[in-house]
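# Structure at a glance
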Amino acid sequence: VLARLLAGGRVSLAAGAAAMLLAVAAGTAVGALAALSRPRVDAVLMRLTDAALAIPAIFVVITVLAFMGPTVPTLVIAIGATSWMGLARLVRGELLALRHQEFVEAAVALGAPPVQRFRRHLLPHLWPTILVNATLGMGTALLTESALSFLGLGVQPPAASWGNMLSGAQASLFNAPWLAV
């Protein structure tokens, strides 16, 4: 049981981390593009983000897994594709506040191109926010993966995952409760 728990933890943590990497990349890109582009592009991107936030993510993930099949790469892509919206709004807000700081205005006055301003001046100030959000989102992604594996839509047996281990322990809950614990 301990060996399966450790192996399942490796699979669950890897799937959660990969999903969050995908969500961080997409959220940072959309948020930065919205904040640093023209107001019309910003409005369109944020309304699309709001529309994506209005759809319950778990239903989208379940639908994708039902159509594409319950594989780990599909699970990672589905979780990552439904987890980027909050970070995009957060990155946009941070960049809107940062772009009027004196060090950014100095870079503009010195003629730094927009990509260089973003990479050298804005992105280092975003890293703490991105890392905290990714850390918190990792827990949500891990719970989503475990819940879907529990339902039979995630990692399939005989591969171990915390969710499918809990699902397997359900049959012997009264005989061997330590399996569920």
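Residues numbered from 1 in each chain as written. Predicted model: local features only at pLDDT ≥ 70, side-chain atom pairs only at ≥ 80, totals over all residues. Heavy atoms only, no water.

### Brief notes about helix H5 (residues 85-98)
Taking 1.5 Å of rise per residue, 14 residues should cover 20 Å, and H5 covers 20 Å from first to last C-alpha, within 8% of that figure. Elements in contact with the buried residues of H5: helix H1 (2-36), helix H2 (39-54), helix H4 (72-81), helix H6 (102-109) and helix H7 (114-151). (Helix = DSSP H or I, 4+ residues; strand = E, 2+ residues; numbered from the N terminus. Expected span 1.5 Å × (residues − 1). Contact = heavy atoms within 4.5 Å.)

### Things to note about the side chain of Glu145
Mapped onto the elements of the fold, Glu145 is located in helix H7. Here Glu145 is buried and forms no salt bridge, its nearest opposite-charge partner Arg4 lying at an N-O distance of 11 Å. Among the polar contacts listed, one links the side chain of Glu145 to the side chain of Ser149, at a separation of 2.7 Å. Setting aside its immediate chain neighbours within four residues, Glu145 contacts Ser12, Ala15, Leu75, Ile79, Val155 and Ser161. (Buried < 20%, exposed > 50% of the residue type's maximum accessible area, 1.4 Å probe, protein only. Lys, Arg positive; Asp, Glu negative; His and termini not counted. Salt bridge = Lys/Arg side-chain N within 4 Å of Asp/Glu carboxyl O. Polar contact = N/O pair within 3.5 Å; in protein donor to acceptor, adjacent residues only side chain to side chain.)

### Here we look at the confidence of the model for the chain
Reading predicted coordinates in detail is not appropriate for stretches of low pLDDT. In the predicted model, the chain carries a mean pLDDT of 89, and 100% of its residues have values of at least 70. Mean pLDDT values for the elements of the chain range from 83 in H6 up to 94 in H2. (pLDDT = per-residue confidence, 0-100.)

### A look at the packing of H1 against H5
Taken N-terminus to C-terminus, the directions of H1 and H5 make an angle of 40 degrees; their axes are 7 Å apart at the nearest point. Relative to H5, H1 is oriented oblique. Relative to H5, the crossing made by H1 is right-handed. Counted together, Ala23, Val24, Gly27, Thr28, Val30, Gly31, Ala32, Ala34, Ala35 and Leu36 of H1 and Leu87, Ala88, Val91, Arg92, Leu95 and Leu96 of H5 form the full contact between these two elements. (Axes fitted to C-alpha atoms, helices over the stretch in contact; angles between N-to-C directions. Parallel < 35°, antiparallel > 145°, perpendicular 65-115°, else oblique. Left-handed = near helix turned anticlockwise from the far one by under 90°.)

### Concerning a nonpolar patch on the surface
On the surface, Leu2, Leu5, Leu6, Leu13 and Trp162 cluster together into a nonpolar patch covering about 490 Å² of accessible area. By residue number, the principal contributor to the nonpolar patch is H1, which donates four residues. Structurally, Leu5 can be placed in helix H1. (Patch = residues over 30% accessible without salt bridge, like charges linked within 9 Å, V, L, I, M, F, W, Y side chains within 5 Å. Areas by Shrake-Rupley, 256 points an atom, 1.4 Å probe, with all protein chains shown as cover.)

### With respect to the pattern of salt bridges
This model, assessed by the stated rule, comprises three salt bridges. Residues Asp50 and Arg47 are paired through a salt bridge, measuring 3.1 Å at the closest nitrogen-oxygen approach. In this pair, Asp50 and Arg47 both sit in helix H2, three residues apart, roughly one turn of the helix. Arg89 is paired through a salt bridge with Asp50; the nearest N and O atoms lie 2.9 Å apart. Here Asp50 lies in helix H2 and Arg89 lies in helix H5, a separation of 39 residues in the sequence. Taking the relative accessible area as the measure of exposure, Asp50 reaches 29% and is therefore partly exposed. Among the charged side chains, a network of salt bridges with common partners joins Arg47, Asp50 and Arg89.

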